[in-house]
Amino acid sequence: MILTLPSRQAMSWEGFSGVRVLALPGDVSYATNHGVYLGDKQGRVRDIIYRGSEEQIRQAMQPDGKVPLVSGPVFLCRSVSEKLLQTHVTSPLDGCTYLGMDSGAPSLQISLFLDVLMCLCSDVSEARFISEERPGSTSPSGPQGAAVRSARAVLWRTLRGTPLSMEYIADGTYDYMTLSGQEHISRLTKKGWQMETLSHIENRDCVSVESRVINSVLEGNITVSSGAVIQHCHLQGPVQVPSGSFLSGLEATSGSHIQQLLLSADTIIQGHRVQLGELKLTVYTVLGARDALQASCEESTFLNHSWTDLYKRTGIRPEELWGTSSEGSTQCSLWEARLFPVFQPRDGAVGLEGVSWLMSGSPGALEWWRGAWRLSLREVLSFTDQDGELRWREELFFRAARRRAVDTLTGHSDHSLLPSIRAAVLGSQQGELLSALDNVTAGSSENLGVAARSLACMADVLGCMAGEGRGGLRSGPAANPAWAAAFRLLERRDLPAAVQALANQRSHWLNRPDLLVRAARHYEGAGQVLLRQAVMSAQEFVSIGQGEMPPIGEWQEVECPARLDLSGGWSDTPPIAFERGGAVVNVAVKVDGRRPIGARARRIRDPHLLLVTSSGQDCSVATETVCVTLQDLEDHCQPHAPGALLKAVCVCSGLVTFPSQQPLAEQLLQRWGGGLELHSWSLLPHGSGLGTSSILAGAVLAAVYKSTGRTYNTDSLIHAVLYLEQTLTTGGGWQDQVGGLVGGVKLARSRACLPLRVEVERLSLSQDFLSALQQRLILVYTGKTRLARNLLQDVVRSWYSRLPSIVTNTEQLVSNAEECALACKDGSLSRLGSCLDRYWQQKKVMAPGCEPAAVRSMMTALRPLTLGQSLAGAGGGGFLYLLTRDARQEEAVQQVLSSTPGLGDFSVHSVELDMEGICFLPSTRSPDQ
């Protein structure tokens, strides 16, 4: 019996007394072979009807048209349990226990449902309970009649009066296993069950959605018709499986015989692993789905046809199946018929050809069949090598899992491989899985996204091998010198050699949890190398021209607004951006009346690079770096190095070539007639969440392009920042630079493909809506610096693992962005507020822990004033932005927060929509040049 409970049943146990049973819905016709509870409106059980007539069973019908089937679970309260246990020493009930029988009491069979529970039913009288004949219960008038009546009387005295209640699980299902092949096939193919479970199917288009494939591998052209079931098989096509057929336990080695079989509908072919003495064999049996196994030969069939048909087709005689027994004997059944050849003394084990002949009846094989050792189905099952059968199914399970993993990766599927990874590690199959993933990576030179995800899955395998909570943190450094050679091969895009080098190094890191976790980090690091290369494909959309250079010493200064992400953030993050496709709505804003991000550049006569970075509200914190040689630029890809962003701009903009045999000074003089002085600044605090670093990268690039006379457009600048951030190894998505470089409110999208391209749609909004939006947007600095350490790595890991919650949430991020854009176009502030609130909930799914307690207190306190609110960017700290119900609520927000305890140093800031985006200030010339 199998119970399926799709939803978690809410059952109250407060004040529970008596006995409670579970019932599941069934059809009246099905219930005629089972038991049903007859209950009242209060859920109390009045009677149990076992194998009753349809008229009797209809009395128990529920409002949904189903009847409550008796199922296994029965709950007894403590006092009832104690009463029942006390009867184990009471004659004749002591005969129900091994203690009683070991003490000499005659054995007695008592039914839990038709004896113990029946005496609790309110409509059952004492006389009926004690003396009634009930199918499935020992007869009170048979050989043990006196003992049965006495035992029932003891139960009545002990338990009568105990309340019996029923819990009806309306969406549950009840399946009772029988020997009927047709019922078994029908049960497996019933609506609602998955088409394929734990299987690898090479050609899914040829498998009917009304069929079932369970723990199997199907290769080549295999057609599976509606209503057919395949389980525990490895088949190689071409094979056609007709409707109503059932194949189980067939191996790939038997494929040629399967191809020769003319399978008809409602046929069952099974492979059984058996052991005959020291001999271990696979024995094949064939049946018809409608055959009755234990009926006499006069009443039964074989392959859904009469035995006479078999005799005529094959020449087999009845006595060859059942010996000299008469055909009317109960032993003359399909269950006992020695039909199935197992072993030929001269040729050895018999394969599928044995049952092939039974199905086709082709001439010339009768003597071969007669000369073989043959077994009946009963004997086949009695000789089952259970260890061998389980090993076969387990081997097939892991084989299918590896094939599914390959299909999932190469097919860009959103299936999570974590269950297969955990199963492989538990089954000591991690080596075979890692080898399969190695092959996927090595063969994905033309699809770096697939290769990067495959490396991330290998990191999951290694992390799983280390064990939960052992070996240290998964996120961390990945620059151990032992892995450097493999990483250099990855940088050169030599994937086959890199995969081999990684595997060679991996073999030395498998014997301790800490080494396994460190190896996992390096596999994630390897995946990040390929991810960077995939995202760098955005350079295809960078178009830079060459115009006239401004004079030496003339400053080219650029300013940019910050950005507020209104919805869709995280969907712009690679690899999500090119595997799922992203959509983000954001808006360019001035903070406290100023564009807070800027850069300026000028050519200078000295052939070196002077790089100055400033930060803070008054730009009082400045760092100056001078690059005289190319070696001074070596750390341009290390984000924490002094001046790393500006160095990366110099390299990625083509200002200089690195690495190069030509010295830096020579390059600068030859190309630009001198060096470059480059300044950048941000007035926003570190970790603001307003997109500072990406917007700053765009500003610096623009200043360098302008000072060297090169032309570009905003679209090129957006993609150039994507490329630059990959060079800098900070990663990140595209929404920040879109938000600060393009003015106003916009919807940006990327498609699920490489090369990665960003398309920006500036939303055409009414002036009234823009004015109302500006009057209701407020920024609150939470006083908490956003700690993004490893946050991006954690999100990318979750996406690569395709955690179902992350996949679903990513879909919702994109749909919410589209809804947000529509709300803005329709001028609906209330719908926009709902999108903001929904977006904040989605951010918390992507990055658990991004809502500090103090921020939660802020948002709760401000809720009455707002239509919607969210932390900017990834959350965790930085700026909180509000869309207030009423206009100009800065003072009200300040008062609410001031009266809320425990918030620390917060500050309230005004917001002004910026419709221009990036803009250049008038050129100025320094008097010293």
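Look up: the structure comes first, before these words.
Starting from 1, residues in each chain are numbered consecutively following that chain's sequence as written. Whole-chain, interface and lining totals are the exception, using all residues; otherwise, since this is a predicted model, local features are given only for residues with pLDDT of at least 70 and side-chain atom pairs are given and counted only at 80 or more. The basis for every side-chain value is the complete set of non-hydrogen atoms in the structure, without hydrogens or water.

Caption draft 1: A look at the overall build of the protein. Working definition: helices are DSSP H or I runs of at least four residues, strands are E runs of at least two. Numbering for both runs from the N terminus. Helix and strand counts for the protein come out as 33 helices and 38 strands. What the globule rule says is 2.2 Å times the number of residues to the power 0.38, and the radius of gyration is computed from C-alpha atoms. Computed over C-alpha atoms, the radius of gyration of the protein comes to 38 Å, more than 25% over the 30 Å expected from 2.2 N^0.38 for 929 residues, which places it beyond the range of a compact globule. Residue exposure (1.4 Å probe, protein chains only): buried if accessible area is under 20% of the type maximum, exposed if over 50%, otherwise partly exposed. Taken across its 929 residues, the protein has 54% of its residues classed as buried. Here the open area of atoms and residues is found with the Shrake-Rupley method and a 1.4 Å probe, where only the protein chains shown may cover a residue. Surface summary for the protein: the accessible area is close to 40,200 Å², and the carbon and sulfur share equals 50%. This count recognises Lys and Arg as positive and Asp and Glu as negative, with His and chain-terminal groups excluded. The atom standing in for a charge is NZ when the residue is Lys, CZ when it is Arg, CG when it is Asp and CD when it is Glu. Charged side chains of the protein number 84 positive and 93 negative; the gap between the two group centres comes to 2 Å.

Caption draft 2: Representation of the sheet that holds strand β16 (residues 246-248) within the structure. Read from one edge of the open sheet, 6 strands run β8-β10-β13-β16-β17-β18, paired in mixed fashion. The outermost strands of the open sheet, each flanked by one partner alone, are β8 (196-197) and β18 (279-288). The criterion for strand pairing is that DSSP finds at least two bridges linking the strands in question. Pairing between strand β10 (residues 212-214) and strand β13 (residues 229-231): 3 bridges, direction parallel. Looking at β13, one finds that Arg212 is bridged to Val229. Sitting on the sheet, helix α12 (residues 353-360) touches β17 (267-276) and β18, and the angle it makes with β18 is about 20°. Should any heavy atoms of two residues lie within 4.5 Å, those residues are counted as being in contact. An axis is simply a line fitted to the C-alpha atoms; with a helix, the fit covers only the stretch in contact. Between two such axes, the angle follows the N-to-C directions and lies from 0 to 180 degrees.

Caption draft 3: Structural view of the layout of surface pockets. Both cavities and pockets are sets of points on a 1 Å grid over the protein atoms alone; in a cavity a 1.4 Å probe fits but cannot get out, in a pocket the set is open with protein on both sides within 12 Å along at least five of seven lines, and lining residues sit with an atom within 4 Å of a point. Grid points are joined across faces, edges and corners, and a volume is the space filled by probe spheres set on the points. Its volume calculated, the second largest pocket comes out at about 790 Å³. Lining the second largest pocket are 31 residues, and of these Tyr30, Asn33, His34, Tyr174 and Tyr176 sit closest to its centre. Listing elements by their share of the lining of the second largest pocket, those giving two or more residues are β2 (19-26), α1 (28-31), β4 (45-50), β5 (67-76), α5 (112-117), β7 (173-175) and α8 (181-188). Broken down by element, the lining of the second largest pocket gets its largest block of residues, 4 residues, from β5.

Caption draft 4: Fine view of the pairing of strand β26 (residues 597-604). Of all 8 residues in β26, 7 are buried; the element is thus mostly enclosed. Examined bridge by bridge, strand β23 (residues 554-560) and β26 share 5 bridges and lie antiparallel to one another. Paired with Glu557 across the bridge in β26 is Arg600. Pairing of β26 with strand β29 (residues 675-682), which is carried by 8 bridges, proceeds in the antiparallel orientation. Note that in β29 the partner of Ala601 across the bridge is Leu678.

Caption draft 5: Spatial organisation of the pattern of salt bridges. The working definition used for a salt bridge is a side-chain nitrogen of Lys or Arg within 4 Å of a carboxyl oxygen of Asp or Glu. This model, assessed by the stated rule, comprises 51 salt bridges. Between Lys843 and Asp565 there is a salt bridge, with its nearest N and O atoms 2.9 Å apart. Placement of Lys843 in helix α31 (residues 829-846) and of Asp565 in strand β24 (residues 562-567) is noted, with a sequence separation of 278 residues between them. Of the two residues examined, Lys843 and Asp565, each falls in the buried class. Two residues, Arg831 and Glu819, come together in a salt bridge whose shortest N-O distance is 3.2 Å. You can see Arg831 sitting in helix α31 and its partner Glu819 sitting in helix α30 (residues 804-825), a full 12 residues away along the chain. Judged by its relative accessible area of 29%, Arg831 is partly exposed. Three or more residues are tied together by salt bridges with common partners; here these are Asp47, Asp115, Arg128, Glu132, Arg134 and Arg152.

Caption draft 6: Main features of the sheet that holds strand β19 (residues 340-344). The strand order across the open sheet built from 3 strands is β20-β19-β21, with neighbouring strands paired in antiparallel fashion. The open sheet is flanked by β20 (348-349) and β21 (373-375), the only strands paired with a single partner. Direction of pairing for β19 relative to β21: antiparallel, over a ladder of 3 bridges. Bridge assignment links Phe343 to a residue of β21, and that residue is Trp373.

Caption draft 7: Examining the packing of aromatic side chains more closely. Two rings from Phe, Tyr or Trp (for Trp, the six-membered ring) form a pair when their centres are within 6.5 Å of each other. A pair whose planes differ by under 30 degrees is stacked, one over 60 is edge-to-face, and the rest are tilted. The full count for this structure, using the stated rule, is 13 aromatic pairs. Between Trp357 and Trp369 the ring centres are 5.9 Å apart and the planes differ by 40°, which places this aromatic pair in the tilted class. One end of the pair, Trp357, is in helix α12; the other, Trp369, is in helix α13 (residues 366-370), with 12 residues separating them in the sequence. Per residue, the accessibility class of Trp357 equals that of Trp369, and both read buried. Judged by centre distance (5.0 Å) and plane angle (75°), the rings of Phe397 and Phe398 are edge-to-face. A relative accessible area of 6% means that Phe398 is categorised as buried. Through a chain of ring-to-ring contacts, three or more aromatic side chains come together here, namely Trp13, Phe16 and Phe75.

Caption draft 8: Expanded view of helix α20 (residues 495-506). Take the number of residues in a helix, subtract one, and multiply by 1.5 Å to get its expected span. Compared with the 16 Å implied by 1.5 Å per residue over 12 residues, the 16 Å span of α20 between its first and last C-alpha is a close match. Of the residues making up α20, those classed as buried are Leu495, Ala498, Val499, Leu502, Ala503, Gln505 and Arg506. Down the axis of α20, the buried side of the element spans an arc of 165°, and every buried residue falls inside it. Looking at the buried side of α20, the elements it contacts are α17 (430-442), α18 (448-466), α19 (484-491) and α21 (513-535). It is the directions from the helix axis to the C-beta atoms that the arc portrays.

Caption draft 9: Quick look at the nonpolar core. Counting residues in hydrophobic clusters, the biggest one holds 166 residues, and the most contacted among them are Leu502, Leu609, Leu678, Leu690, Val745, Leu773 and Leu832. Listed in part, the 50 residues of the second largest apolar core include Ile201, Trp307, Phe340 and Leu366. In this description, a nonpolar core means a group of buried Ala, Val, Leu, Ile, Met, Phe, Trp, Tyr and Cys residues linked to one another through side-chain atoms lying within 4.5 Å.

Caption draft 10: Expanded view of the packing of α19 against α20. Running from amino to carboxyl end, α19 crosses α20 at an angle of 165°, the nearest separation of the two axes being 8 Å. With respect to their mutual orientation, α19 and α20 come out roughly antiparallel. Remark: the crossing between α19 and α20 carries left-handed chirality. Seen from α19, the contacting residues are Ala486, Phe487, Leu489 and Leu490; seen from α20, they are Leu495, Ala497, Ala498, Ala501 and Leu502. When residues are sorted by character, Ala, Val, Leu, Ile, Met, Phe, Trp, Tyr, Cys and Pro go into the nonpolar class, Asp, Glu, Lys and Arg into the charged class, and all the rest, Gly among them, into the polar class. Of the residues in the contact of α19 with α20, the class split is 9 nonpolar, no polar and no charged. Put simply, angles under 35 degrees are roughly parallel, angles over 145 are roughly antiparallel, angles from 65 to 115 are roughly perpendicular, and the rest are oblique. By convention, the crossing between two helices is left-handed when the near helix turns anticlockwise from the far helix through less than a right angle, and right-handed when the turn is clockwise.

Caption draft 11: Examining α8 more closely. Among the residues making up α8, those that are buried are Gly181, Ile185, Arg187 and Leu188. The buried residues of α8 occupy an angular sector of 160° when projected down its axis, which confines them to one face. As for α8, its buried residues are in contact with β7, β10, β13, β16 and β17.

Caption draft 12: The pairing of strand β27 (residues 609-615), seen in detail. Among the 7 residues in β27, 5 count as buried, and that is most of the element. Inspection of the sheet shows β27 paired to strand β28 (residues 621-627) by 7 bridges, in the antiparallel sense. Bridging from a neighbouring strand, Leu609 pairs with Cys627 of β28. Pairing of β27 with β29, which is carried by 7 bridges, proceeds in the parallel orientation. The partner of Leu611 across the bridge, within β29, is Leu678.

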